[in-house]
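Working through the structure, step by step
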Amino acid sequence: MTSSPLLIRGAIVVNADAESRTDVLCVDGRIAAIGERAAREAPAGTTTLDGTGQYLIPGGIDPHTHMQLPFMGTVTQDDFFTGTAAALAGGTTSIIDFVIPNPQQPLMEAYRQWRGWAEKSAADYAFHVAVTWWDQSVSDDMGTLVRDEGVNSFKHFMAYKNAIMCDDETLVNSFKRALELGAMPTVHAENGELVYLLQAEVAKMGITGPEGHPMSRPPMVEGEAANRAIAIADVLGVPIYIVHVSCIESAEAISRARARGQRVYGEVLAGHLLIDDSVYRDPDFNKAAAYVMSPPFRPKIHQEFLWRGLQSGQLHTTATDHCTFCAEQKAAGRDNFAKIPNGCGGVEERMAVLWDAGVNSGRLTPSEFVAITSANAAKLFNMYPRKGVIAEGADADLVLWDPAGIKTLSAKTQFSKNDFNIFEGRTVRGIPSHTIAQGRVVFARGELRAEQGKGRYLKRPPFGAQFDAAIKRAQDLAPTAVAR
Ligand SMILES: NC(=O)NCCC(=O)O
Ligand SMILES: [Zn+2]
Ligand SMILES: [Zn+2]
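Residues numbered from 1 in each chain as written. Chains lettered and ligands numbered in written order. Predicted model: local features only at pLDDT ≥ 70, side-chain atom pairs only at ≥ 80, totals over all residues. Heavy atoms only, no water.

What counts, and what does not: UniProt positions are given in the numbering used here, feature names are shortened, and annotations may be inferred rather than shown by experiment.
An unreviewed UniProt entry lists the protein under the name Dihydropyrimidinase, with Pelomonas aquatica given as the organism. In its Cofactor (unreviewed entry) section, UniProt records this for the protein: "Zn(2+)".

Regarding the site of ligand 1
This is how it is decided: When we say a residue is near a molecule or strand, we mean one of its heavy atoms is within 4 Å of it. Contacts described as polar in this section are N or O atom pairs within 3.5 Å, which, within protein, must combine one atom able to donate a hydrogen with one able to accept it, while residues neighboring in sequence count only if both atoms come from side chains. Put simply, Ala, Val, Leu, Ile, Met, Phe, Trp, Tyr, Cys and Pro go in the nonpolar bin, Asp, Glu, Lys and Arg in the charged bin, and everything else, Gly too, in the polar bin.
Around ligand 1 sit 13 residues, and of these Tyr-160, His-188, Ser-294, Asp-321 and Asn-342 come closest. Note that an oxygen atom of ligand 1 is positioned 3.2 Å from one of the side-chain N or O atoms of His-66. At 2.8 Å from an oxygen atom of ligand 1 is found a main-chain nitrogen or oxygen belonging to Ser-294. For the shell around ligand 1, the residue count by class is five nonpolar, seven polar and one charged.

Some details on the environment of Ala-189
For the record, the criterion: Under the scheme used here, helices are H or I runs from DSSP no shorter than 4 residues and strands are E runs no shorter than 2 residues, and both carry numbers assigned from the N terminus. Using a 1.4 Å probe on the protein chains alone, a residue whose accessible area is under 20% of its type maximum counts as buried, one over 50% counts as exposed, and one in between counts as partly exposed. When checking whether two residues touch, look at their non-hydrogen atoms; a contact exists if any pair is within 4.5 Å.
Structurally, Ala-189 is set in the loop between strand 14 (184-188) and helix 6 (192-204). For Ala-189, a relative accessible area of 3% corresponds to the buried category. If sequence neighbours within four positions are ignored, Ala-189 has contacts with Met-158, Glu-222, Ala-225, Ala-226 and Ile-242.

What to know about the packing of aromatic side chains
Which entries qualify depends on this criterion: Two aromatic rings from Phe, Tyr or Trp, using only the six-membered ring of Trp, form a pair when their centres are within 6.5 Å; if the ring planes differ by under 30 degrees the pair is stacked, by over 60 it is edge-to-face, and anything between is tilted. Each ring is checked for a lysine NZ or an arginine CZ that lies within 6 Å of its centre and within 35 degrees of its normal; such an atom marks a charge sitting over the ring.
Under the definition given, this model contains 18 aromatic pairs. Summarising the aromatic geometry, the rings of Tyr-291 and Phe-420 are spaced 5.3 Å apart at their centres and angled 90° between planes, so their arrangement reads as edge-to-face. In this pair, Tyr-291 is assigned in the loop between helix 11 (285-290) and helix 12 (301-312) and Phe-420 in the loop between strand 18 (398-408) and strand 19 (427-437), connecting sequence segments 129 residues apart. Judged by its relative accessible area of 11%, Tyr-291 falls in the buried class. The rings of Phe-80, Tyr-111, Tyr-125, Phe-127 and Tyr-457 are connected pair by pair, giving a single aromatic cluster. The residue whose ring lies beneath Lys-155 is Phe-98, and the NZ or CZ to ring-centre distance is 4.1 Å. A cation over an aromatic ring shows up here: Lys-379 above the ring of Tyr-384, its NZ or CZ 4.9 Å from the ring centre.

Side note on the coordination of the zinc ion (ligand 3)
Put simply, the rule is: Any N, O or S atom lying within 2.8 Å of the metal counts as a donor, and for Na, K and Ca the limit rises to 3.2 Å; water is left out, so some sites can look incomplete. Site shape is set this way: if four donors have all angles between 85 and 135 degrees, tetrahedral; if opposite donors are over 155 degrees apart and all others between 65 and 115, square planar for four donors and octahedral for six; otherwise irregular.
Within the protein, His-64 (NE2), His-66 (NE2) and Asp-321 (OD) serve as the donor atoms for the zinc ion (ligand 3), at 2.0 to 2.2 Å. One way to put it: the four donor atoms around the zinc ion (ligand 3) meet at angles of 85 to 134°, and that makes the site tetrahedral. In this structure, the zinc ion (ligand 3) lies 3.7 Å from the zinc ion (ligand 2). A residue pair is termed long-range when its members are at least 10 positions apart, and His-64 in the loop between strand 8 (60-62) and strand 9 (70-71) and Asp-321 in the loop between strand 17 (317-319) and helix 13 (327-330) qualify at 257 residues. Take Asp-321: its relative accessible area is 7%, and that puts it in the buried class.

Right under this line is the structure:
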């Protein structure tokens, strides 16, 4: 993308490891110079942006979104253009979305489908690819995806029985293959058999509304699956990343494993940090159903635990699981909560709600905010230092962050196409004033200049830092025969 050079002056530049007031020059989509050199080296025709009184942070990375997802008999409202445009408005400049093959569908076929859909992205994007079934062709396709297509992470749904759920045989085979390939296995940790049973039992009690959704997915259902996935990863010696950790039970499973020296990483959704399960008891079906996602929102006690996980470094990334269904789509489950399409939005609000509830409350420093909104995801999925840091040579994906800016979040003013906002009515302090993607200002004080098709597919190499260490550890602990 060609855009005129851009000089951002006077902001406090925040990285995950340090902050300092300095200037940043962007040329040809990259950060060309930082510090005194920036102004000196600015070519003729450079546009200047005054960052006085603001922070300059790396563009957010949302490592968990579902744009244009066909799911539960319908397709999400936001496609790759509207969803990534909304992301840019909120200060997120890259997403990692998911290719989800139907059982028996070749992985490469699904991957090509998703690559086609994503061509209209306004922001940079990458894909985790889900392994939903197993045979030799799946193993071969995993190899092709890693070697030729820049995929370095595979997703496993432990829930959604009779649809995309993985059994233990698939988990074991896929984790083993991922280790060989240097790709990160990731899991949606919920025991799908238990969910299936509990959905039927809750319905038998005459509970058919959205309030039945959390009853059918209690925290221990998530805890069991997290423990099982972590145990499988431990036996095989592969690192593991647990998506949307929503409760004490799975956060504790991660902490316990990390205390044993296992390489386990946890992702938290902005929604799970801020919204509790009372939403499912709203007498208005449309409102209660709008919050149906899996894992569900939890009793308040879990939220503080998740915040502490982020603060203590036991949990690593924040995401949204942006997966938007409108009221008409959610109404498919009016008489049966198990049929309500699972998913909520948030890609546009993640950064602001986390700043407001995280930095303004003193839970996080600005540098810690950068770590959990971009740098850690970039490191874990091997995009660092191209993404997740303000450094010379990195992509010029930046956000001028106005810590005094105030906004009340609402479906009426959001850029996302959906008709609902899970943070409706929440007033936040700390918002992006400008988003810069590939060196171009794509959002300026409320005006969105997202362009369809400007986003690039990000190839991510395998064998990120965790793999070197995991392999050395396995060698160090390798069994030896006794020489006799
Ligand atoms: N989270 C959710 O409810 N929907 C999207 C699919 C998934 O991530 O489980
Ligand atoms: Zn999930
Ligand atoms: Zn998801």
